[in-house]
Amino acid sequence: MPESRSYYAPSGGLPGQTELLTGRAVFTEAYAVIPKDVLRDIVTSLLPHWDKTRAWILARPLSGFAETFSQYIVEVAPGGGSDNPEPDSGAEAGLFAVAGSFELMLAGRTRQIEAGGFAYIPPGAAWQLHNRGGGSAVFHWIRKRYEPVEGLALPDPIVTSDRECPAVAMPDTDGRWATTRFIDPDDMRHDMHVNIVSFEPGAVIPFAETHIMEHGLYVLEGKGVYRLNRDWVEVEAGDFMWLRAFCPQACYAGGPGPFRYLLYKDVNRHPRLAPLL
């Protein structure tokens, strides 16, 4: 993959009073589409113990829908951040930067995370995040309640980037469909994966995937046509798709450049037969 990448980040604002109301947002029994046009100032949230920060909350656990994770786009203004970012000691996190940069203090080390950078934060880990720069820092924050397994230790922290992780071609695709894996898929300590899925123009998922994993998919670059349950939906950079378990899914990549999205999925655990305590 080329080293130069673009990552869409929302800018907020508000549509003019003369613009049409009709849009592409939809919430169904199997999926939701939150297009970039609805990520406005009026739908942001403020978070406890975060300074000069706002968040677009794209997904949250909902009974009968997607129950394993939440996903935010967080915008931290210069001088903002948090010394106490996570209120749940049982939560793990994946952070993926899309604009600007921020300082991450994790596992006794301080690192500067640029656009394209990724960090995995284990449950119970102490971490802080601050924007020491002159412009806004924007990143995705994926949160999940970790599911421990007897005999398996907690995962280690991970700090890496899109540039550092080679994309792995899917079988029989000549590299036209590839996955950048920030977390080792063979490491059973992990119960979630955060990947970047990439398609060259014209590439496809050639069957309707139907599986137990819940998904959050945020389009980082390009555009495509996605099959969601019974519907074909056009999506582009800045759009978010939220899929419940067993929602059929496939896609065609469109446009002149690559189609890439950030993907969350829950993995490596037996289905729960009772609520997680």
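Here the structure is shown first, and the text comes after it.
This structure is a prediction, so every number in the text was calculated from the model and none was measured. (Residues numbered from 1 in each chain as written. Predicted model: local features only at pLDDT ≥ 70, side-chain atom pairs only at ≥ 80, totals over all residues. Heavy atoms only, no water.)

Caption draft 1: Fine view of the sheet that holds strand β1 (residues 26–27). What the 8 strands build is an open sheet, ordered β1-β2-β18-β15-β20-β14-β13-β12; its pairing is antiparallel. At either margin of the open sheet sits one strand with a lone partner, and together these are β1 and β12 (167–169). Bridge count between β12 and strand β13 (residues 177–181): 3 bridges; the pairing is antiparallel. Along β13, the bridge assignment pairs Val 168 with Thr 179. (Pairing = 2+ DSSP bridges. Helix = DSSP H or I, 4+ residues; strand = E, 2+ residues; numbered from the N terminus.)

Caption draft 2: Representation of the environment of Leu 46 in the model. With respect to the helices and strands, the residue Leu 46 is situated in the loop between β2 (31–34) and β3 (51–59). Here the alpha-carbon distance between Leu 46 and Trp 56, two residues 10 residues apart in the chain, equals 9.1 Å.

Caption draft 3: Expanded view of the pairing of strand β10 (residues 137–145). The element β10 is largely enclosed, with a buried count of 8 among its 9 residues. Summarising the sheet, strand β4 (residues 69–82) and β10 pair through 8 bridges and their orientation is antiparallel. Looking at the pairing, Ser 70 lines up with Arg 143 of β10. Here 8 bridges tie strand β5 (residues 91–99) to β10, and the two strands are oriented antiparallel to one another. The residue bridging Leu 95 from the neighbouring strand is Trp 141, located in β10. (Buried < 20%, exposed > 50% of the residue type's maximum accessible area, 1.4 Å probe, protein only.)

Caption draft 4: Quick look at the packing of aromatic side chains. All chains considered together, the criterion is met by 18 aromatic pairs. Plain terms: the ring middles of Tyr 72 and Trp 141 are 5.2 Å apart, the flat faces sit at 75° to each other, and that makes the pair edge-to-face. With a gap of 69 residues between them, Tyr 72 in strand β4 and Trp 141 in strand β10 connect regions that are remote in the sequence. For Tyr 72, a relative accessible area of 9% gives the class buried. On the basis of relative accessible area, Trp 141 is assigned to the buried category, the value being 2%. Taking the centre distance of 5.8 Å and the plane angle of 70° together, the rings of Tyr 226 and Tyr 261 count as edge-to-face. Pair noted here: Tyr 226 is in strand β16 (residues 223–228) and Tyr 261 is in strand β20 (residues 259–266), with a separation of 35 residues, a long-range link. Both residues of the pair, Tyr 226 and Tyr 261, belong to the buried class. One cation-aromatic arrangement involves Arg 143 over Trp 141; the distance from NZ or CZ to the ring centre is 5.7 Å. (Phe/Tyr/Trp six-rings, centres within 6.5 Å; stacked < 30°, edge-to-face > 60°. Lys NZ or Arg CZ within 6 Å of the ring centre and 35° of its normal.)

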